[in-house]
Amino acid sequence: MISEKIKKLRLPELLLFSDGSPVDTAEKAVKRQAEIKELLQTEIYGRFPKKAAFTYELVSRDERAFANKAVQSLYTLSFPALGGFSFPVRTLFPKHIDAPPLFVFMNFRDDLPDRYYPAEEIVDNGFAVASFCYKDITSDDGDFGNGLSGALGVDRIKDDCPGKICLWAWAASETLDFVETVGGYDRSNVAVMGHSRLGKTALVAGAFDERFSFVFSNDSGCAGAAITRQKAGESVDAICRNFSYWFCPAYEKYRNNEEAMPFDQHFLLALSAPRRIVVSSAAEDLWADPCSEFLCCAAVSPFYEIFGSRGLVCPDRLPEIGDAFFGGSVGYQMRGGSHYLSRADWQKYMEFMRIKHNNG
Ligand code: GCU
């Protein structure tokens, strides 16, 4: 049933190189990932910026946060070679665990706690968090003259110049560089996570930085974890009408022309293989389209199998509210309710990390 649905989508082949030769070994799959990385940079997200050296400064620290259960710190990261561009990063470490797994969490706001960020509950569960607010990287609009984009001199004339998603994803990687210098967490269990536009961003960050052993994409929909072909809700045309600046200019040519795309979103998920992914949907989030998000997980699974891992493990039916398919390296879960990053979603990500942690 699922394979029939995927066949009907007539997706571009993940398991064929662009010259038509087969991708049938793990070694070839890695080469295929390099090809796909290039393709996604030229066709949708733009060029991922180069790493940059940074300095950091501790701004404030609360050693007794959340009833003395956690240490919460605020830092500023500065990039001298980028004209002094800087952004704030917050860390939260539980005290009762020496080397907790870590979330690099991109949020819409900088407050703590926040409705998308149940901080106390996360540390109580034994997880650490390094978070930043995406608007501190560059604004969420078509102005490319501010923040990181201004510092890089992003030139929107170029077809493959980075869109905003790519710039926010770069900041997730730099945040991880920074946390590595501070230490105090389990380096083999690091997740990158975001919701909605930042769920798209989490997938791009995971694609470009292999240190993220877990990639969690919440309600990311169009240009995130949803297959674009025959998608319900938001289309390429709709997303480009409102948010063209999230992408490189080349993406525009696929407006009302999805069939011409030499990729679909399972290509993006494939860049994190064989690392662990969870795609989450909310049943009422028809704009994101839960069904297309689910099919994307199924469509990337053969790519995981080339690496000798299981992709999505699920019954042969469409998902229902309450499903959490966590048997393979590609997880999918659907909760009831609308577009939101809820406590229930966080609980699922923590559960998946507990099941799939890399030390056991
Ligand atoms: C809009 C947009 C989506 C996006 C969402 C969000 O609805 O169309 O693509 O995911 O905003 O980021 O909240």
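If you're wondering where the values come from, they're calculated on a predicted model, not measured in any experiment.

Conventions we followed
- Residues numbered from 1 in each chain as written.
- Predicted model: local features only at pLDDT ≥ 70, side-chain atom pairs only at ≥ 80, totals over all residues.
- Heavy atoms only, no water.
- Helix = DSSP H or I, 4+ residues; strand = E, 2+ residues; numbered from the N terminus.
- Rg over C-alpha atoms; globule rule 2.2 N^0.38 Å.
- Buried < 20%, exposed > 50% of the residue type's maximum accessible area, 1.4 Å probe, protein only.
- Contact = heavy atoms within 4.5 Å.
- Phe/Tyr/Trp six-rings, centres within 6.5 Å; stacked < 30°, edge-to-face > 60°.
- Pairing = 2+ DSSP bridges.
- 1 Å grid on protein atoms, 1.4 Å probe; cavity = no way out; pocket = protein on both sides within 12 Å on 5 of 7 lines; lining within 4 Å.
- Points joined across faces, edges and corners; volume = space filled by probe spheres on them.
- Salt bridge = Lys/Arg side-chain N within 4 Å of Asp/Glu carboxyl O.
- Near = heavy atom within 4 Å.
- Polar contact = N/O pair within 3.5 Å; in protein donor to acceptor, adjacent residues only side chain to side chain.
- Areas by Shrake-Rupley, 256 points an atom, 1.4 Å probe, with all protein chains shown as cover.
- Nonpolar A, V, L, I, M, F, W, Y, C, P; charged D, E, K, R; others polar.

Engineer: Whenever I open this one, the overall build of the protein chain confuses me. Can you help?
Structural biologist: In terms of helices and strands, the protein chain carries 11 helices and 10 strands. Compactness check: the protein chain gives a C-alpha radius of gyration of 19 Å against a globular reference of 21 Å for 360 residues, within 12% of the reference. Relative to its 360 residues, the protein chain shows a buried fraction of 59%. Restricting to contacts in the protein chain with at least 6 residues of sequence separation, those with at least 24 account for 69%.

Engineer: It is not clear to me how the packing of aromatic side chains should be interpreted in this structure. Could you clarify?
Structural biologist: Ring pairs (aromatic) are described by centroid distance and by the angle formed between their planes. Evaluated as defined, the whole model comprises 36 aromatic pairs. Taking the centre distance of 6.2 Å and the plane angle of 80° together, the rings of Phe216 and Phe352 count as edge-to-face. Residue Phe216 is found in strand β7 (residues 214–218), and its partner Phe352 is found in helix α11 (residues 343–356); the two are separated by 136 residues along the sequence. Residue Phe216 shares its accessibility class with Phe352, and that shared class is buried. Summarising the aromatic geometry, the rings of Phe247 and Tyr251 are spaced 4.7 Å apart at their centres and angled 50° between planes, so their arrangement reads as tilted. For the pair formed by Phe247 and Tyr251, the shared burial category is buried.

Engineer: When you look at the pairing of strand β3 (residues 85–94) in this model, what are you seeing that I'm missing?
Structural biologist: Each regular strand carries side chains that alternate between the two faces of the sheet. With eight of its 10 residues buried, β3 lies for the most part within the structure. Note: strand β2 (residues 70–79) against β3, 10 bridges, orientation antiparallel. Residue pairing for β3: Gln72 is matched across the bridge by Leu92. Hairpin connection from β2 to β3: five residues lie between these consecutive antiparallel strands, with Gly83 at a positive phi of about 65°. As paired strands, β3 and strand β5 (residues 128–133) are joined by three bridges and run antiparallel to one another. Considered in β5, the bridge of Arg90 is made with Ser131.

Engineer: Help me out: how do you make sense of empty space enclosed by the protein in this one?
Structural biologist: Rolling a probe over the atoms, with the probe sized like a water molecule, indicates the empty space that remains. Applying the stated rule across the entire model yields one cavity of 30 Å³ or more. Approximately 40 Å³ is the volume attributed to the largest cavity. For the largest cavity, the full set of lining residues is Arg90, Asn107, Arg109, Asp110, Asp111, Leu112, Tyr117, Ser131, Phe132 and Cys133. The element that contributes the greatest number of residues to the lining of the largest cavity is β5, accounting for three residues.

Engineer: Looking at this model, I keep getting lost on the layout of surface pockets. Mind explaining?
Structural biologist: The calculated volume of the largest pocket comes to roughly 240 Å³. Around the largest pocket, the lining is made up of 14 residues, and of these Ile6, Leu11, Glu13, His266 and Ala299 lie nearest the centre. Looking at the lining of the largest pocket, the elements that each hand over two or more residues are α1 (2–9) and α10 (290–306). The element that contributes the greatest number of residues to the lining of the largest pocket is α10, accounting for five residues.

Engineer: Got a minute to help me understand the pattern of salt bridges in this structure?
Structural biologist: Two side chains of opposite charge can pair, provided their charged atoms sit close to one another. Using the criterion set out here, one finds 26 salt bridges in the structure. Glu4 is the partner of Lys7 in a salt bridge, and the nearest nitrogen-oxygen pair spans 3.5 Å. Residue Lys7 and its partner Glu4 are located together in helix α1, separated by three residues, close to a single helical turn. Looking at Lys7, the relative accessible area reads 58%, which means it is exposed. In this structure, Glu121 engages Arg343 in a salt bridge whose closest nitrogen and oxygen atoms are separated by 2.6 Å. A residue pair is termed long-range when its members are at least 10 positions apart, and Glu121 in helix α4 (residues 119–124) and Arg343 in helix α11 qualify at 222 residues. The exposure class of Glu121 is buried, given its relative accessible area of 17%. A network of salt bridges, in which partner residues are shared, links Lys51, Asp177, Glu180, Asp209 and Arg211.

Engineer: For this particular structure, what's the right way to read the site of the ligand?
Structural biologist: Close contacts around the ligand come from Ser196, Arg197, Lys200, Glu234, Ile239, Phe243, Trp246, Trp287 and His339, and that covers them all. Between the ligand and Lys200, the relevant distance is 2.8 Å, taken from an oxygen atom to a side-chain nitrogen or oxygen of the residue. Glu234 places a polar side-chain atom, nitrogen or oxygen, 2.5 Å from an oxygen atom of the ligand. Against a free-state accessible area of 320 Å², the protein chains account for coverage of 82% of the ligand. Taken together, the residues of the shell around the ligand break down into four nonpolar, two polar and three charged.

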